[in-house]
Amino acid sequence: MLKVHLPDGSIKEYSQRVRPLEIAAEIGPRLAQATVAAQVDDQILGADQPLPEDGDVRLRILTAKDPEALDVMRHSCAHVMARAVMRLFPDVQLAFGPTIENGYYYDFDLEHPISEEDFPKIEAEMARIVKEDEAFERVEMDHAEAVQFFGELRQRLKVEHLEDGLKDQRQVSFYRQGEFIDLCRGPHVPRSGLIGAFKLLSVAGAYWKGDATKQQLQRLYGTAFFSKDDLEKHLKQLEEAKRRDHRLLGRQLQLFLIDPAVGSGLVFWLPKGAVVRRELENFLYNELIKRGYQPVYTPVIGNVHLYETSGHYPYYKDVQFPPIEMADGERYLLRPMNCPHHITIYQSQPRSYRDLPLRLAEFGTVHRFEQSGELTGMTRVRGFTQDDAHIFCTEEQVADEFRGCIEMTQHVLKTLGLDEYRVRLGLRDPQETKYVGDPAVWEKAEAALIGVCSTMDLPQLKIERGEAAFYGPKADFVVTDCIGREWQLGTVQLDYNLPSPQRFGLEYIGPDNAPHQPVMIHRAPFGSFERFTGVLIEHFAGAFPLWLAPEQVRVMVVSQKAEDYGREVQRRLAAAGLRVSGDYRAEKIGAKIRDAQLELIPYMFVLGAREAAEGKVAVRDRLAGDLGAMPLEEAVDKLQAEIQNKTIRHVAK
RNA sequence: GCUAGCGUAGCUCAGCCGGUAGAGCAGCUGAUUUGUAAUCAGCAGGUCGUGGGUUCGAGUCCCUCCGCUAGCUCCA
């Protein structure tokens, strides 16, 4: 006897095996028609998968209205895509085809290189399959049978997976839809007619089982929604994301430049981009001073010996620019990180426990030879400047210092309106042996970090075992940008490795007059100015808040008759510390306004004979439009207040 | 690094089956002196990413390299 509890509180009883779809049909034929999948207790199952014969289950019939249903449908759509590809290219070898955020993909091994020109053909075939509305049929068989079965179908990747990843499974399931059969855990929609609007998006290479030493497959990406409207909305969003791409805006707004003639991944900050960076630097600098950090400056290259001591060389050799060899055999490395130089400062004199914590900060430029395929605008480059600092402290101070770092990062993100982020607390995997240091110390440090995090307001704190660096646990701030992409920006990392006797052997003299080993904390709220600015450009769609705007005000005259007054106003604005330019061209005011609007200038001061006579300025707000005339002093105060408060008036969503 | 696609004026793009390069915007010059998102006219601007090949002839076809884009792998 099976008791089925439905969401409305009603209970149905069955003495025979029953499937969710049958229960839906009992409730009503329209519900049965609309059934996409079922939630049985906490599991999403196919609507045709039988329920247990007895006991109690909670059952939810999922339709297009339920968010969980979308994933099921997309997975089915991936199958339909694979089926379509197989119809067009019968010799295709199937790999994996899961759903992902916003869509799905399927990996194929196929001679013919799939290009976008093939998409319409594939989509047309998919439409045919959807229209045929055949059932997805779940079949289970035992492992040996499945190996033989897929062997006969000559799906060698499936066989390989059965014999490798699934070798411990006694039973496996597959799904059949017409002539198409695929090894698959499911669940799937009952029939292909439930698949709504879909579209193929892109094709790219992907390694079999994510292993770069294995063969490369063709990965076909697509998306699907229940309604055409939802699909359109999603495609619009992709367009919007393209529009605010920092590489595009960076060029349009003349913020930065990357010239392949100089080198890939090497960033030029143009005057306007440099203003943004300088403001960010000033902001951070003030925060650092407030928090007891001491700024230092150190060289951007160093003797290779230093990096041999730190362990970075030759271990990370393939992501470094090769050493510079001098005639006398000396070798220098373009520094890939700043810590060894800060350690050099720590070691430059004997340290007492009274000196700790010692917080050394530097906007340190580093170089890493990232693989060519990794480079992306400002967010992944080969030369970048970290807002770096290293804290040297006692074990007892770790928790407080860690808290301070988290707080500063939170403050910084909040000031910039980056409200959507999560914190990843990376701890060690106790099963692993790759970690350095005493397990007891790790234990203590991790407990301290968890303790600190639990008392703080950290959105979506996620503890990830095995995600620690080999030298210590860490907290990463993962910020979500407008496109929904996640960026690892800020980071706080504990380090028990570099201070250890095997590395630099750092010491301080404790109250007991004996030497002790300090703990190091690496931290960078932005990560790097390059990546952070790139993300900010997209976040604000190029329209920076007033305090960051490269050009804050543009003075423009209605006709050249007002030029003298305009220049006077411009001079006074500049004297008041505002970043101002003037437009005195023989253009109509409409054209000047249009240009300033397109350049995303926050404020325009429109000046003509009237303003000149009254000593006023007509203020135009980029967002709100004409604010009318006001005395110059009043306008200056208004702008300065907005700058002072670092007001974020508008984040284009 | 790998796979695929792309590379034409400062920018966005057109250029058919191979016949010797075109538009808009920006720029420059001149006229216009204008009241809240584009005034008009003229001028100038390109070894078609690089090197090679096929051809009477290559922006167009083939190969090489470089770069960019998407994804994969990587990210101290």
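## Overview of the domain arrangement of chain A
- The assigned domain composition of chain A is domain 1 (2-63), domain 2 (69-242), domain 3 (256-539) and domain 4 (553-644).
- Measuring from the centre of the C-alpha atoms in domain 2 to the corresponding centre in domain 3 gives 41 Å.

## Topic: the nonpolar core
- The biggest cluster of nonpolar side chains holds 62 residues, and the ones touching the most others in it are Leu 280, Phe 402, Leu 416, Phe 532 and Leu 536.
- Counting residues per element, this core draws most heavily on helix 12 (residues 398-415), which supplies seven residues.
- Ignoring anything within four residues of it in the chain, the contact list for Phe 532 reads Leu 280, Leu 413, Leu 416, Leu 418, Leu 489 and Phe 526.

## Regarding the packing of aromatic side chains
- Applying the stated criterion across every chain yields a total of 17 aromatic pairs.
- Three or more aromatic residues joined by ring pairs make a cluster, and in this case those are Phe 363, Phe 526, Phe 529 and Phe 532.
- Over the face of the ring belonging to Trp 269 we find Arg 277, whose NZ or CZ atom lies 5.0 Å from the ring centre.
- Note that Arg 351 overlies the ring of Tyr 346, its terminal NZ or CZ placed 5.3 Å from the centroid.

## Remarks on the state of the cysteines
- The full count for this structure, using the stated rule, is zero disulfides.
- We note that Cys 184 lacks a disulfide partner, and the nearest cysteine sulfur, in Cys 77, lies 13 Å from it.
- The thiol of Cys 453 is unpaired, and the distance to the nearest cysteine sulfur, on Cys 405, comes to 11 Å.

## Considering unusual backbone geometry
- The omega torsion of the bond from Tyr 313 to Pro 314 falls at 5 degrees, within 30 degrees of zero and hence cis.
- Cis rather than trans, the peptide bond between Leu 356 and Pro 357 has omega equal to -5 degrees.
- Secondary-structure assignment places Pro 357 in the loop between helix 11 (339-347) and strand 20 (358-367).
- One non-glycine residue, Asp 133, lies in the positive phi region at around 55 degrees.
- Take Asp 133: it is sitting in the loop between helix 4 (119-132) and strand 9 (137-142).
- Using a relative accessible area of 31% as the deciding quantity, one classes Asp 133 as partly exposed.
- Positive phi outside glycine occurs at Leu 600, with the angle close to 60 degrees.
- In this structure, Leu 600 sits in the loop between helix 16 (589-598) and strand 31 (603-607).

## Comments concerning the protein's contact with RNA strand B
- Close contacts around RNA strand B come from 49 residues, with Gln 216, Ser 372, Glu 374, Gln 560 and Glu 611 the closest.
- Taking all atoms of RNA strand B within 4 Å of the protein, the share assigned to sugar and phosphate is 45%.
- A distance of 2.8 Å is found between a phosphate oxygen of RNA strand B and a side-chain nitrogen or oxygen belonging to Arg 247.
- The separation between a phosphate oxygen of RNA strand B and a polar side-chain atom of Ser 372 is 2.3 Å.
- Of all elements in the fold, only strand 12 (197-207), strand 13 (216-225), helix 8 (246-252), helix 16, helix 17 (609-614) and strand 32 (616-621) reach the threshold of two or more residues within the surface near RNA strand B.
- With seven residues, the single largest contributor to the surface near RNA strand B is helix 16.

## A closer look at the side chain of Glu 464
- Note on placement: Glu 464 falls in strand 23 (residues 462-465).
- Here Glu 464 falls in the buried class, since its relative accessible area comes to 15%.
- Only 3.3 Å separates the side chain of Glu 464 from the side chain of Lys 462, close enough to count as a polar contact.
- Residue contacts for Glu 464: discarding those within four places in its chain leaves Arg 422, Arg 424, Leu 425, Gly 426 and Leu 427.

## A closer look at the sheet that holds strand 18 (residues 324-325)
- Within the open sheet, the three strands sit side by side as 17-19-18. Their pairing is antiparallel. The sheet is open, and its two edges are formed by strand 17 (301-303) and strand 18, each paired on a single side.
- Bridge count for strand 18 against strand 19 (residues 331-334) is two bridges, and the pairing is antiparallel. Across the sheet, the residue bridging to Ile 324 is Tyr 332, located in strand 19.

Basis of the calculations
- Residues numbered from 1 in each chain as written.
- Chains lettered and ligands numbered in written order.
- Predicted model: local features only at pLDDT ≥ 70, side-chain atom pairs only at ≥ 80, totals over all residues.
- Heavy atoms only, no water.
- Domains from an automatic or database assignment.
- Core = buried A, V, L, I, M, F, W, Y, C linked by side-chain atoms within 4.5 Å.
- Buried < 20%, exposed > 50% of the residue type's maximum accessible area, 1.4 Å probe, protein only.
- Helix = DSSP H or I, 4+ residues; strand = E, 2+ residues; numbered from the N terminus.
- Contact = heavy atoms within 4.5 Å.
- Phe/Tyr/Trp six-rings, centres within 6.5 Å; stacked < 30°, edge-to-face > 60°.
- Lys NZ or Arg CZ within 6 Å of the ring centre and 35° of its normal.
- Disulfide = S-S within 2.5 Å.
- Near = heavy atom within 4 Å.
- Polar contact = N/O pair within 3.5 Å; in protein donor to acceptor, adjacent residues only side chain to side chain.
- Pairing = 2+ DSSP bridges.

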